Amino acid sequence: MLFDRPTDDTLYDALLKRDAAYEGFAYVCVTTTRIFCRLTCPARKPKRENCVFEKSIAACLEGGYRPCLRCRPMLRYKDNDPTVTALLEALEREPERRWRESDLLAMGLDLSTVRRAFKRQFGMSFLEIARLRRVGLAAETLAEGAPVIEAQLDAGFESGSGFRAAINQLIGSAPRYLRGKGLLRADWIETPIGPMMAIADEHALHLLEFADRPALPTEIRRIRERTGCGIVLGRAAPIDAVEQELKRYFDGDSAAFDVRIAGHGTPFERAVWEALRQIPPGTVESYGALAAAMDRPGSVRAVGRANGANQIAIVIPCHRVIGADGGLTGYGGGLWRKRWLLEHERRMAAGQRTAEAAE
């Protein structure tokens, strides 16, 4: 149909050709650089497996990506509002700044005019965009191996609970929204490498992600849309179960997870996720090897996309997949966490082999 979304392969081909026909209708997010671009960007083209395509600038920002400085995707080249242009340029000069309404007033700007201009162009206010840019900077800081508190301060959060408070605000639903809907429960689980959010119903786990994962707000919204359920803060039995299993995992006692997982995803994605669970702790697989193990050797890219769509971290061990050249490739929780998890599992597996040899 005329308004069907083009496939990712079609969009990648458009990116390679710098096809202006898709200008403004899709954007490419590059997972290795955490930058998003127009499809007509003149910069060197990324590899297909490093590309995620989004239909809006808001989705790119919510995913933790920052705008490219070459193609400047947030600026319209025709008839751009001068106030929007000036504020976006100020934001790029100081992306770490905690912008407030008082700053806009001090610049002689009318708050309602600014709000309407940004809502019209981006679907969100300037202050919301500025906050997402700070969160994106925090994600980059964490990916470089910096302490969590440093990332939180970089993002403008003054306390260790800042990340969680932001997500709690996203989850909180008005009574009108919740009326007549089933409920999912959401709560935090502390781990040695940062807090994780778990979302579950009474029977299965729907999400387990690190609190500072840039795409977490988007994933929460998708769960709402797919299940038709409201989400409230609280505990469900699967959250208690996975908390205990994570404790055993991080203590080095067991890498086994028996918690029941909700059936999200397409049949192919679920098959990939099951294949991930068959990779033994302490070992890694390439995307190609994983596709071959599934008898789908021609589906390497599809396997990579399904791996990236996993929203049950650690339990479904997408961190055990690496590039064909042995590189770690991307990981939603940050490459520093991926290195930590692989080293932790290597030591766990080595300890288990030593114990078995001693018996």
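Note that the coordinates shown come from a computational prediction; the quantities given were computed from them, not determined experimentally.

A. Structural view of the packing of aromatic side chains. Within this structure, the stated rule accounts for six aromatic pairs. Geometrically, the ring pair formed by Tyr-27 and Phe-36 is edge-to-face, given 6.4 Å between the ring centres and 85 degrees between the ring planes. For Tyr-27, a relative accessible area of 9% gives the class buried. Take Phe-36: its relative accessible area is 0%, and that puts it in the buried class. Grouping aromatic residues by their ring pairs yields a cluster made of Tyr-249, Phe-250, Phe-257 and Trp-340. Taking the ring centre of Trp-99 as reference, the NZ or CZ of Arg-97 above it sits at 3.9 Å.

B. Molecular detail of the pairing of strand β1 (residues 27-30). Residue alternation in β1 divides its side chains into two sets, Tyr-27 and Cys-29 and Val-28 and Val-30, and both sets are buried. Examined bridge by bridge, β1 and strand β2 (residues 35-38) share four bridges and lie antiparallel to one another. Across the sheet, residue Val-30 finds its bridge partner in β2, namely Ile-35. Here β1 hands over to β2 after four residues, with Arg-34 in that stretch at a positive phi of 60 degrees.

C. Summary view of the sheet that holds strand β6 (residues 196-200). If you walk across this open sheet you meet the four strands as β7-β6-β5-β8, and the pairing is mixed. On the outer flanks of this sheet lie β7 (205-210) and β8 (230-233), each paired with one strand and no other. Neighbour-to-neighbour, the strand axes of the sheet open up by a mean angle of 25 degrees, direction not taken into account. With four bridges connecting them, strand β5 (residues 183-189) and β8 associate as parallel partners.

D. Quick look at the nonpolar core. With 39 residues, the main nonpolar core has Leu-208, Leu-246 and Ile-314 as its most contacted residues. Those elements that provide at least two residues to this core are β6, β7, α11 (237-250), α12 (267-277), α13 (287-293), α14 (300-308) and α15 (335-358). Apart from residues lying up to four places away in sequence, Ile-314 is in contact with Met-196, Phe-210, Leu-246, Tyr-249, Phe-250, Phe-257, His-319, Tyr-331 and Leu-341. Judged by nonpolar contacts, the second largest core, of 28 residues, contains Phe-36, Val-84, Ala-90 and Leu-91.

E. View of the sheet that holds β1. Ordered by their spatial adjacency, four strands build an open sheet running β3-β1-β2-β4, and the pairing between neighbours is mixed. The outermost strands of the open sheet, each flanked by one partner alone, are β3 (51-54) and β4 (66-67). Those strands touched by helix α1 (residues 8-17) are β1, β2 and β3, and its axis lies near 100 degrees from that of β3.

F. Up close: the side chain of Glu-209. By the secondary structure assignment, Glu-209 is in strand β7. A relative accessible area of 5% places Glu-209 in the buried class. With residues near it in sequence (within four places) discarded, Glu-209 still touches Pro-195, Met-196, Met-197, Leu-216, Glu-219, Asn-310, Gln-311 and Ala-313.

G. How the structure looks around the pattern of salt bridges. Scanning the model with the defined rule gives 15 salt bridges in all. Taking the shortest distance from any N to any O, the salt bridge between Glu-128 and Lys-119 comes out at 3.8 Å. The class of Glu-128 is partly exposed, set by a relative accessible area of 37%. For Lys-119, a relative accessible area of 40% translates into the label partly exposed. Two residues, Glu-343 and Arg-346, come together in a salt bridge whose shortest N-O distance is 2.6 Å. A residue pair is termed a helical-turn pair when its members lie 3 or 4 positions apart in one helix, as Glu-343 and Arg-346 do in helix α15 at three residues. When its relative accessible area of 28% is taken as the criterion, Glu-343 is described as partly exposed. With a relative accessible area of 41%, Arg-346 lands in the partly exposed category. Several salt bridges share partner residues, and in doing so they unite Asp-187, Arg-235, Asp-240 and Glu-243 into one network.

Rules used throughout
Residues numbered from 1 in each chain as written. Predicted model: local features only at pLDDT ≥ 70, side-chain atom pairs only at ≥ 80, totals over all residues. Heavy atoms only, no water. Phe/Tyr/Trp six-rings, centres within 6.5 Å; stacked < 30°, edge-to-face > 60°. Buried < 20%, exposed > 50% of the residue type's maximum accessible area, 1.4 Å probe, protein only. Lys NZ or Arg CZ within 6 Å of the ring centre and 35° of its normal. Helix = DSSP H or I, 4+ residues; strand = E, 2+ residues; numbered from the N terminus. Pairing = 2+ DSSP bridges. Axes fitted to C-alpha atoms, helices over the stretch in contact; angles between N-to-C directions. Core = buried A, V, L, I, M, F, W, Y, C linked by side-chain atoms within 4.5 Å. Contact = heavy atoms within 4.5 Å. Salt bridge = Lys/Arg side-chain N within 4 Å of Asp/Glu carboxyl O.

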